[in-house]
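# Examining the three-dimensional arrangement
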Amino acid sequence: MSAETSTDHVREDVFDPALHPELFSGVRSRRIFAFFIDVIAIALLTFAAGILVFFLGVFTLGLGFLLYGILPAAVALLYVAFTLGGPLASTLGMRAMGLEMRLWYGAKPYPLLAAVHALLFWFSVSLLTPLVLLVSLFSDRKRLLHDMILGVVVVNSAYHQQHVDVRFQASR
């Protein structure tokens, strides 16, 4: 007895830079600015969470203060998981810069993929030095190493919503 795992539906690569160069126009520079906006947002959220942890630490007679060790990483991971993996498929910085993330076949990322995306970014930059970011200079879709590993692409959201999203919805 074998289970049939094949499907008749074949996923096609929706984001071809030869067909839609506007999808990737200016993505690299706007992605850098979006990163800095996100750093500020995460810092503000970490500060607010730090105040909550302080009161938690007082009420738990010091035990809650142990959360300060993981607070910045936990806040950043939750921020990315719920914004990038949310219905708009972009962080606050990406929205401000007009960017969104999609899977290679056009679907929006889910929270677990967004969290893994952030973890791979942190590990690749810390283990392989920030020079790993130069990969985007040689990618036709301006993708970074962790984007390629996970099969995601960052595109201009306005162009995507006008042209490509219509084609993706029609093929479903």
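What comes next is a walk through the structure. (Residues numbered from 1 in each chain as written. Predicted model: local features only at pLDDT ≥ 70, side-chain atom pairs only at ≥ 80, totals over all residues. Heavy atoms only, no water.)

So, on to helix H2 (residues 71–84). The terminal C-alpha atoms of H2 lie 19 Å apart, and with 14 residues this matches the ideal 20 Å at 1.5 Å per residue to within 8%. Listed as buried for H2 are Leu 71, Val 75, Ala 76, Tyr 79, Val 80, Ala 81, Thr 83 and Leu 84. Close packing links the buried residues of H2 with helix H1 (27–59), helix H3 (92–96), strand S1 (99–103) and helix H4 (111–128). (Helix = DSSP H or I, 4+ residues; strand = E, 2+ residues; numbered from the N terminus. Expected span 1.5 Å × (residues − 1). Buried < 20%, exposed > 50% of the residue type's maximum accessible area, 1.4 Å probe, protein only. Contact = heavy atoms within 4.5 Å.)

So, about the pairing of S1. Of all five residues in S1, five are buried; the element is thus mostly enclosed. Of the two faces of S1, the one holding Leu 99, Met 101 and Leu 103 and the one holding Glu 100 and Arg 102 are both buried throughout. Of the pairings in the sheet, the one linking S1 to strand S2 (residues 152–156) comprises five bridges and is antiparallel in character. By the bridge assignment for S2, Leu 99 is matched with Asn 156. (Pairing = 2+ DSSP bridges.)

Once that is clear, we can look at unusual backbone geometry. The phi torsion at Leu 61 lies on the positive side, around 55°, for a residue other than glycine. For Leu 61, the location among the structural elements is in the loop between H1 and H2. For Ala 89, which is not glycine, the phi torsion reads 55° and is therefore positive. By the element assignment, Ala 89 lies in the loop between H2 and H3. For Ala 89, a relative accessible area of 0% gives the class buried.

On to the side chain of Arg 31, then. Secondary-structure assignment places Arg 31 in helix H1. According to the relative accessible area criterion, Arg 31 is buried, its value standing at 16%. In this view, Arg 31 contacts Leu 99, His 117, Lys 142, Leu 144, His 146, Asp 147 and Val 154; residues no more than four positions away in its chain are not counted.

Before going further, it helps to spend a moment on the packing of aromatic side chains. Where two aromatic rings form a pair, the distance of their centres and the angle of their planes describe that pair. A full pass over the atoms with the stated rule returns six aromatic pairs. Judged by centre distance (5.5 Å) and plane angle (70°), the rings of Phe 54 and Phe 55 are edge-to-face. For Phe 55, a relative accessible area of 44% translates into the label partly exposed. Feature note: the residues Phe 54, Phe 55, Phe 65 and Tyr 68 constitute an aromatic cluster, connected by ring pairs. (Phe/Tyr/Trp six-rings, centres within 6.5 Å; stacked < 30°, edge-to-face > 60°.)

Next up on the list: the packing of H2 against H4. For the pair H2 and H4, the least separation of the axes is 7 Å and the interaxial angle reads 135°. Taken together, the axes of H2 and H4 lie oblique to each other. Crossing handedness for the pair H2 and H4: right-handed. Two secondary-structure elements touch here, H2 through Ala 73, Ala 76, Leu 77, Val 80, Ala 81 and Leu 84 and H4 through Pro 111, Ala 114, Ala 115, His 117, Ala 118, Leu 119 and Trp 122. By residue class, the composition of the contact of H2 with H4 is twelve nonpolar, one polar and no charged. (Axes fitted to C-alpha atoms, helices over the stretch in contact; angles between N-to-C directions. Parallel < 35°, antiparallel > 145°, perpendicular 65-115°, else oblique. Left-handed = near helix turned anticlockwise from the far one by under 90°. Nonpolar A, V, L, I, M, F, W, Y, C, P; charged D, E, K, R; others polar.)

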